[in-house]
Amino acid sequence: MPAVNETIEAVQSVTDSGYKWGFETDIEMEFAPKGLNEDIVRFISKKKNEPEWLLEWRLRAFALWQTMEEPRWSAVKYNPIDYQDAYYYAAPKQGPKSLEEVDPELLRTYEKLGIPLREQEVLAGVEGAGSAADARMPIAVDAVFDSVSVATSYKARLEKEGIIFCSISEAVQTHPELVRKYLGSVVPQGDNFFAALNCAVFTDGSFVYVPKGVRCPMELSTYFRINAKSTGQFERTLIIADEGSTVSYLEGCTAPMRDENQLHAAVVELVALDDASIKYSTVQNWYPGDANGKGGIYNFVTKRAACRGKRSKVSWTQVETGSAITWKYPSCILQGDDSVGEFYSVAIANNWQQADTGTKMIHLGARTKSTIVSKGISAGQGQNTYRGLVRIGPRASGARNFTQCDSLLIGDKCGAHTVPYIENRCLTAKVEHEATTSRIAEDQLFYCRQRGLSQEEAVGMIVNGFCREVLKELPMEFAVEAQKLLQISLEGSVG
Amino acid sequence: MGMLKIENLSAEIDGKTILNGISLEVPAGEIHAVMGPNGSGKSTLSYVLAGREGYEVTGGSATFHGQDLLALDPEERAAAGLFLAFQYPVELPGVGNANFLRTALNAIRKTRGEPELDAMQFLKIARERMKALSMPEDMLKRGVNVGFSGGEKKRNEVLQMALLRPQLAILDETDSGLDIDALKIVADGVNAQRAPDFSALIITHYQRLLDYIIPDRVHVLVKGRIVKSGGPELAHALEKEGYASVQEAA
Ligand SMILES: Nc1ncnc2c1ncn2[C@@H]1O[C@H](COP(=O)(O)OP(=O)(O)O)[C@@H](O)[C@H]1O
Ligand SMILES: [Mg+2]
């Protein structure tokens, strides 16, 4: 199909130079010595002035990790990772401060990335006069730069509602009882190889607690940036939605373009109590490597939600455009009766990217309900695997799951794979699975181009149409960004 | 001067010759009809003019306002003012019709140096045009051509023509599958475009549409070659005698 070939070439040429977030910030950094051992774990814990229990918790995880092996069951292939050849702690010399005191170089970095760190003087009449054009809903941002959180905005405003939104390092100091109670309660230290590693060396991430009955008045977001060379990022996020509360949280991530592979192994834990609801959205745009497969982030992430309460709800939405390797399965443990889990995913594997992603929906409570919508796009030599588990326990009477997996192929060198696991131990439960695989048709591209759209725009349009059901789950402010990102990531992969 | 000038144009698909030396000139302001039996190469001609891949031009030329049409990408031809109403409009699942139409319109406006339209401005124009074509407004919300009836698809093509205001419209069997009311609406849509700088090439299998859009010239295409040209009366003659008489000439 010549049209498609041409598009692929076009996309590739754009992809080569098209990663617009690939710059590096020149700032004075402090590193831990290279390598990983108990002393490094102690170093990190000391740097963060952690209580004894947390150091012990880390050391236990480290001991577990040493007995574990890298998982091999996924479809991703990569050269062995040398865990001794990386830095496990890298932080700007100037530590976290109030927004006004943040290093201007860092502020400029986030500005360049389009992340609003400064609190806008918006909401006319409330906090000074803002023009109507600025009167958008503010977004509270926690910015994590390599190993530390450098700033968190709108803290004061959120505190008025009793909402805690800060870096997890800070939460360890200010709300140790909450951290101690919930940390590791969803993803235990020995859960898997990468989670154990994270437990041992996690450096920063966000902490959110929404008290009973409170609806969080703004989007909360964390922006992760890997900047330093040869550095792993091990972020840890913990979100607790107390009874009857609601929160929407978004994370974004980018990294400079480098020839080396960098490891990112995060753990995210969500806890939703009775009638609470958490919406967790991800726009993952780590550096994917160049068109020849050199460089890029290895993204090995464990994300899990416990829907502990009755009628609780967790909704994961992810747009995964970056990373050389993506290995993540945001999951829901549906413990509470009538609890609801959702997973909406768009994953792109272009050039030499590999994505092995999906979800686990573990139905334990009665009448629990889960929905899975996965859209995989493969282009270039990209390999995209949907891997999902739906497990229905014997007590989950009347449980329901609906899964829809759609794959879109661009070109003939890429691959799409769907690996659904279904374990149903309850007679009254209902599980449905639908899957489709299609190609971007030459006639669709021609139709768009005949109407004046460029090849790239045509691809973007068709791909965005393909992903519509997922994109509409994103908060409005981010949906537009995500659409552009899809087009850029595929400029060359004929989305 | 001829707005569209085709000279001795030949083209093949997969090594099979489909167009066999077509010559045709459509001056500015004129509407020409191309008629011919199934498989004679009508759609192929429209695709070659619009720049679809997979068609190899093996000889001849096609110019538009004196510019070599065949050297341009499809989107450049669209920007130059060429519009093709597809015989089989393509479905774009998940792509909202409004979004698609506005993106297309803004792409064309950009090349004309006109400012882009925001969603509100676009809706106002689109609603007007849709009313004229008796299209229900909810067609803007649906996926492009997805689940549209045959007639709705054709009307959606005419709507796009009305929005994009091309200088040369090629309508490939836009009439087939339409009942008489829909046919009149489509014809009105085309007639409304008539202007000194607008030309159209109306490809049709039947004479019916030409009762409502009176062509300046009628060309008969058989086996990839124009075998006969004449005034509007030629369409009537064909209707009566069928293609058999002209086919022998081919
Ligand atoms: N993609 C294709 N591959 C091979 N042959 C084709 C293709 N498209 C059209 N043809 C052939 O070209 C000839 C002309 O087709 P077409 O232009 O669609 O005719 P019309 O529109 O006049 O009915 C037919 O014989 C048809 O079978
Ligand atoms: Mg035809």
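Given the structure is predicted, the values throughout are model-derived calculations rather than measurements. (Residues numbered from 1 in each chain as written. Chains lettered and ligands numbered in written order. Predicted model: local features only at pLDDT ≥ 70, side-chain atom pairs only at ≥ 80, totals over all residues. Heavy atoms only, no water.)

A. Representation of the overall build of chain A within the structure. Looking only at helices and strands, one finds twelve helices and 23 strands in chain A. By the burial criterion, 64% of the 495 residues in chain A qualify as buried. Intrachain contacts of chain A at a sequence separation of at least 6 include 85% that bridge at least 24 residues. Counting every atom, chain A has about 18,400 Å² of accessible surface; 49% of that belongs to carbon and sulfur. (Helix = DSSP H or I, 4+ residues; strand = E, 2+ residues; numbered from the N terminus. Buried < 20%, exposed > 50% of the residue type's maximum accessible area, 1.4 Å probe, protein only. Contact = heavy atoms within 4.5 Å. Areas by Shrake-Rupley, 256 points an atom, 1.4 Å probe, with all protein chains shown as cover.)

B. Inspection of the nonpolar core at higher detail. One finds A:I377, A:V463, B:I6, B:I22, B:L49, B:L92 and B:F100 to be the most contacted residues of the largest nonpolar core, which totals 98 residues. Leave out the neighbours within four places in its chain, and B:I22 touches B:I6, B:E7, B:N8, B:L9, B:L45, B:L221, B:G224, B:R225 and B:I226. A:V41, A:I164, A:I168 and A:F234 belong to the second-largest nonpolar core, a separate cluster that totals 55 residues. (Core = buried A, V, L, I, M, F, W, Y, C linked by side-chain atoms within 4.5 Å.)

C. Focus on the coordination of the magnesium ion (ligand 2). Here the magnesium ion (ligand 2) is held by the protein donor atoms B:S43 (OG) and B:Q87 (OE1), which lie 2.1 to 2.2 Å from it. A residue pair is termed long-range when its members are at least 10 positions apart, and B:S43 in helix α1 (residues 42-50) and B:Q87 in the loop between β6 (82-85) and β7 (92-96) qualify at 44 residues. (Donors = N, O, S within 2.8 Å, 3.2 Å for Na, K, Ca; no water.)

D. Just the interface of chain B and chain A, in detail. Facing 32 residues of chain B, the contacting portion of chain A comprises 21 residues. Among the residues of chain B in contact with chain A, B:R52, B:E53 and B:E75 are the three that bury the most area, contributing 27% of the side total. Across the salt bridge formed by B:E157 and A:R451, the nearest N and O atoms sit 2.6 Å from each other. On inspection of chain B and its partner chain A, the count reaches eleven residue pairs in polar contact (both at pLDDT 80 or more). For the side of chain B that touches chain A, the elements supplying multiple residues, two or more each, are α1, α2 (74-80), β6, β7, α3 (97-111) and α5 (150-164) of chain B. The leading source of residues in the side of chain B that touches chain A is α3(B), at six residues. (Buried area = accessible area lost by both parts, 1.4 Å probe. Salt bridge = Lys/Arg side-chain N within 4 Å of Asp/Glu carboxyl O. Polar contact = N/O pair within 3.5 Å; in protein donor to acceptor, adjacent residues only side chain to side chain.)

E. Region of the structure containing the side chain of A:T302. Residues and elements named next belong to chain A. As for its placement among the helices and strands, T302 is situated in strand β13 (residues 296-307). Looking at T302, the relative accessible area reads 6%, which means it is buried. Here the side chain of T302 touches N192 through a polar contact of 3.0 Å, side chain to side chain. Excluding residues that lie within four positions of it along the chain, T302 makes contacts with V187, D191, N192, A195, A266, V267, V268 and W327.

F. Just the pattern of salt bridges, in detail. All names here are of chain A. Summed over all chains, the structure comprises 31 salt bridges over all chains. Among the ionic pairs, R58 bridges to E50, the shortest N-O distance being 2.8 Å. By the burial criterion, R58 is buried, and E50 matches it. With a shortest N-O distance of 2.8 Å, E170 and K155 are connected by a salt bridge. Pair noted here: E170 is in helix α6 (residues 168-174) and K155 is in helix α5 (residues 155-160), with a separation of 15 residues, a long-range link. On the basis of relative accessibility, which here comes to 29%, the residue E170 falls in the partly exposed class. Through salt bridges with shared partners, a single ionic network connects K279, K472 and E473.

G. Region of the structure containing the site of ligand 1. All names here are of chain B. Contacts to ligand 1 come from I13, K16, I18, P37, N38, G39, S40, G41, K42, S43 and T44. A distance of 3.2 Å separates an oxygen atom of ligand 1 from a polar backbone atom of S40. With respect to ligand 1, the side chain of T44 contributes an N or O atom lying 2.5 Å from an oxygen atom. Its free accessible area being 570 Å², ligand 1 has 62% of it covered by the protein chains. Counting residues per element, the shell around ligand 1 draws most heavily on α1, which supplies three residues. (Near = heavy atom within 4 Å.)

H. View of the environment of B:F64. Residues and elements named next belong to chain B. Tracing the backbone shows F64 in strand β4 (residues 56-64). You can call F64 buried: its relative accessible area is 1%. Not counting the four nearest positions on each side in its chain, F64 is found in contact with M3, L69, A80, G81, L82, Q167 and L168.

I. Just the pairing of strand β17 (residues 340-349) of chain A, in detail. Residue and element names in this part refer to chain A. Among the ten residues that make up β17, ten are buried, leaving the element largely enclosed by the rest of the structure. Here β17 shows no split at all, with V340, E342, Y344, V346 and I348 on one side and G341, F343, S345, A347 and A349 on the other all buried. As paired elements, β17 and strand β19 (residues 369-379) share ten bridges and run parallel to each other. The partner of Y344 across the bridge, within β19, is V373. (Pairing = 2+ DSSP bridges.)

J. Inspection of the sheet that holds strand β11 (residues 217-222) of chain B at higher detail. Residue and element names in this part refer to chain B. Strand order in this open sheet of six strands is β6-β9-β10-β3-β11-β12, and the pairing throughout is mixed. Because the sheet does not close on itself, it has two edges, and the strands there are β6 and β12 (225-230). Pairwise comparison of adjacent strand axes, ignoring direction, gives a mean angle of 20° for this sheet. Judged from the four bridges that link them, β6 and strand β9 (residues 168-172) form a sheet pairing that is parallel. Each residue of the ladder has a partner; that of L84, found in β9, is I170. Contacts from α1 reach β3 (31-35), β6, β9, β10 (199-204) and β11 within the one sheet, and its direction differs from that of β6 by about 145°. (Axes fitted to C-alpha atoms, helices over the stretch in contact; angles between N-to-C directions.)

K. Main features of the environment of B:Y47. You can see B:Y47 is positioned in helix α1. Those residues in contact with B:Y47, other than ones at most four positions away along the chain, are A:F446, B:R52, B:Y55, B:L84 and B:F86.

L. Structural context of unusual backbone geometry. Residue and element names in this part refer to chain A. Its identity is not glycine, yet R311 carries a phi of approximately 55°, on the positive side. On the secondary structure map, R311 appears in the loop between β13 and β14 (313-320). Note on R311: relative accessible area 45%, which makes it partly exposed. For D338, which is not a glycine, the phi torsion comes out positive at approximately 60°. Residue position: D338 is located in the loop between β16 (331-334) and β17. In this structure D338 comes out as partly exposed when scored by relative accessible area, which is 27%.

M. Region of interest: α5(B). For α5(B), spanning 15 residues, the distance from its first C-alpha to its last is 21 Å, which sits close to the expected 21 Å at 1.5 Å a residue. Of all 15 residues in α5(B), 14 are buried, a share of seventy percent or more. (Expected span 1.5 Å × (residues − 1).)

N. Expanded view of the packing of aromatic side chains. One pass over the full model with this rule turns up 25 aromatic pairs over all chains. Judged by centre distance (5.6 Å) and plane angle (50°), the rings of A:W73 and A:Y329 are tilted. Note that A:W73 is positioned in the loop between α3 (52-66) and β2 (90-92) and A:Y329 in the loop between β15 (325-328) and β16, a separation of 256 residues in sequence. The class of A:W73 is partly exposed, set by a relative accessible area of 47%. Among the residues examined, A:Y329 registers a relative accessible area of 9% and is labelled buried. Taken together, the ring pairs connect A:F62, A:W65, A:W73, A:Y78, A:Y83, A:F193, A:F194, A:Y298, A:F300, A:W327 and A:Y329 into an aromatic cluster. If you follow B:R52 out to its NZ or CZ, it ends over the ring of B:Y47, 4.7 Å from the centre. (Phe/Tyr/Trp six-rings, centres within 6.5 Å; stacked < 30°, edge-to-face > 60°. Lys NZ or Arg CZ within 6 Å of the ring centre and 35° of its normal.)

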